[in-house]
Amino acid sequence: MALPEEKRRAIFHAAMAEFAEFGYEKASTNRIVQAAGIGKGMLFYYFGSKLELYQALLDQVSEKMEGVCARLLHHPERLGILETFQHTMRVKMELYLEDPVLMDFLGRLYLHPEEVRVTEGMEGRYARLLSVRERMVVQELFAKADPSPLREDIPRERLIAAIGFAIEGYTQHLIGIVRQRYDGRVSELDMDGYWRECDLFMEDLKKLFYKGEG
C-alpha cells in the first residue's frame, strides 16, 4: 500500500524540522510522529527505521536541490561572471527562505557534515547534494556568463581560476561566521548584514578583475 502524498509531506516536513534542530543522533522519532500527526507504527511500516527515514529525506532534498539548481541557472540576460555569482547567491538564498524548514535542514548539513549518517549505498546521493554548488559553478555558471568585462592583461583562464579561489575563500569565511552564530535555526539568522558585506566584496572583486573598474 502506497503512502498517501499528504502523509508523506507531513512526515518529511516534521522529520526535516527534527533533524535540523537536533541532528541525526539526537533526533526523536517520537517527536517526528507527534508533529506529523501519525502513529509510530505507520512511520516504521513505510520507512523501517530512523536511518531509512533520514536517507529518504536526504534523497528527496537532493532531488529538490537539482530543481533549484536549474532555476538558478536560468536568467533572461547574460550577466558578467561576478554578477552571475552575485545573482546566484541571492536567488538561492531567497529560494531557501521560501521554505525555512528546508533552509534549517540544509544549514545543518553544511555546517555540521560530521553528524550525517548514511549507509554505503547513500554516499553517492548525499555527495551530489553537497556538490550542487560546485558543479553549478564550475561546469555551468562560467559557461553561461559573459566574459567580456574581464580585464585583458591577464589570461582569461587564470582570471577565472582566481575568481573561483576568491569566491571559495569568501564562502568559507561566511560559513565560519554563520557557524559561530548558529543557534540551530539558520532561517532565523539576520542575513541583511551578510548580504551588505557580500555586495561590498563583489564590488572589490570587480575592481580587481574587471577592466576599467580600477
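What counts, and at which threshold
Residues numbered from 1 in each chain as written. Predicted model: local features only at pLDDT ≥ 70, side-chain atom pairs only at ≥ 80, totals over all residues. Heavy atoms only, no water. Core = buried A, V, L, I, M, F, W, Y, C linked by side-chain atoms within 4.5 Å. Buried < 20%, exposed > 50% of the residue type's maximum accessible area, 1.4 Å probe, protein only. Contact = heavy atoms within 4.5 Å. pLDDT = per-residue confidence, 0-100. Helix = DSSP H or I, 4+ residues; strand = E, 2+ residues; numbered from the N terminus. Salt bridge = Lys/Arg side-chain N within 4 Å of Asp/Glu carboxyl O. Expected span 1.5 Å × (residues − 1). Phe/Tyr/Trp six-rings, centres within 6.5 Å; stacked < 30°, edge-to-face > 60°. Lys NZ or Arg CZ within 6 Å of the ring centre and 35° of its normal. Arc of directions from axis to C-beta. Axes fitted to C-alpha atoms, helices over the stretch in contact; angles between N-to-C directions. Parallel < 35°, antiparallel > 145°, perpendicular 65-115°, else oblique. Left-handed = near helix turned anticlockwise from the far one by under 90°.

Chemist: Account for the nonpolar core, naming residues and giving values.
Modeler: As a rule of thumb, soluble globular proteins bury nonpolar side chains together. Counting residues in each nonpolar core, the largest one holds 30 residues, and the members touching the most others are Ile11, Phe19, Leu53, Tyr54, Leu57, Val61 and Phe105. Residues in contact with Phe19, not counting those within four places in the same chain, are Tyr24, Ala27, Ile32, Lys50, Tyr54, Leu57, Phe105 and Arg108.

Chemist: Give a detailed account of the confidence of the model for the chain, specifying residues and quantitative values.
Modeler: Chain-level pLDDT for the chain is 80 on average; 79% of the residues reach the 70-or-more range. At the level of individual helices and strands, the chain shows its lowest average pLDDT in helix 7 (residues 123–130), which scores 62, and its highest in helix 2 (residues 29–36), which scores 95.

Chemist: Give me the pattern of salt bridges: which residues, what numbers.
Modeler: For the structure on display, the rule yields six salt bridges. A salt bridge links Lys206 to Glu203, with the nearest nitrogen and oxygen atoms 3.3 Å apart. Here Glu203 and Lys206 lie together in helix 10 (residues 192–209), a separation of three residues that amounts to about one turn. By relative accessible area, which is 38% here, Glu203 ends up partly exposed. Each of Glu83, Glu203 and Lys206 takes part in a single network of salt bridges with overlapping partners.

Chemist: Give me helix 6 (residues 100–111): which residues, what numbers.
Modeler: An ideal rise of 1.5 Å per residue puts 16 Å on 12 residues; helix 6 measures up with 16 Å between its terminal C-alpha atoms. Within helix 6, 10 of the 12 residues are buried, which leaves the element mostly enclosed by the surrounding structure. Of all the residues in helix 6, the buried ones are Val101, Leu102, Met103, Asp104, Phe105, Leu106, Gly107, Arg108, Leu109 and Leu111.

Chemist: How would you explain the packing of aromatic side chains if you had to name every residue and give the values?
Modeler: Scanning the model with the defined rule gives seven aromatic pairs in all. A ring pair is formed by Phe12 and Phe47, whose centres lie 5.8 Å apart and whose planes are at 50 degrees; its orientation type is tilted. Here Phe47 lies in helix 3 (residues 40–47) and Phe12 lies in helix 1 (residues 5–26), a separation of 35 residues in the sequence. Accessibility assignment for this pair places Phe12 and Phe47 in one class, buried. A centroid spacing of 4.7 Å and a plane angle of 75 degrees characterise the contact between Phe19 and Tyr54, whose relative ring orientation is edge-to-face. Here Tyr54 lies in helix 4 (residues 50–72) and Phe19 lies in helix 1, a separation of 35 residues in the sequence. Taking NZ or CZ as reference, Arg31 lies 4.0 Å from the ring centre of Phe22, over its face. Just above the ring of Tyr24 sits the side chain of Lys50; from NZ or CZ to the centre is 4.6 Å.

Chemist: Could you give an account of helix 10, with specific residues and numbers?
Modeler: Compared with the 26 Å implied by 1.5 Å per residue over 18 residues, the 26 Å span of helix 10 between its first and last C-alpha is a close match. Tyr194, Trp195, Cys198, Met202, Leu205, Lys206 and Phe209 are the residues of helix 10 that are buried. Down the axis of helix 10, the buried set is contained in an arc of 120 degrees. They therefore lie on one face. Those residues of helix 10 that are exposed and aimed more than 90 degrees away from the buried face are Arg196 and Leu200.

Chemist: Give me the packing of helix 3 against helix 4: which residues, what numbers.
Modeler: Two elements in contact, helix 3 and helix 4, have axes separated by 9 Å at closest approach and are oriented at 65 degrees. Here helix 3 is positioned roughly perpendicular relative to helix 4, judged by the angle of their axes. Judged by the twist between their axes, the crossing of helix 3 over helix 4 is left-handed. Residue-level inspection shows Leu43, Phe44 and Phe47 of helix 3 in contact with helix 4, the latter providing Lys50, Glu52, Leu53 and Ala56.

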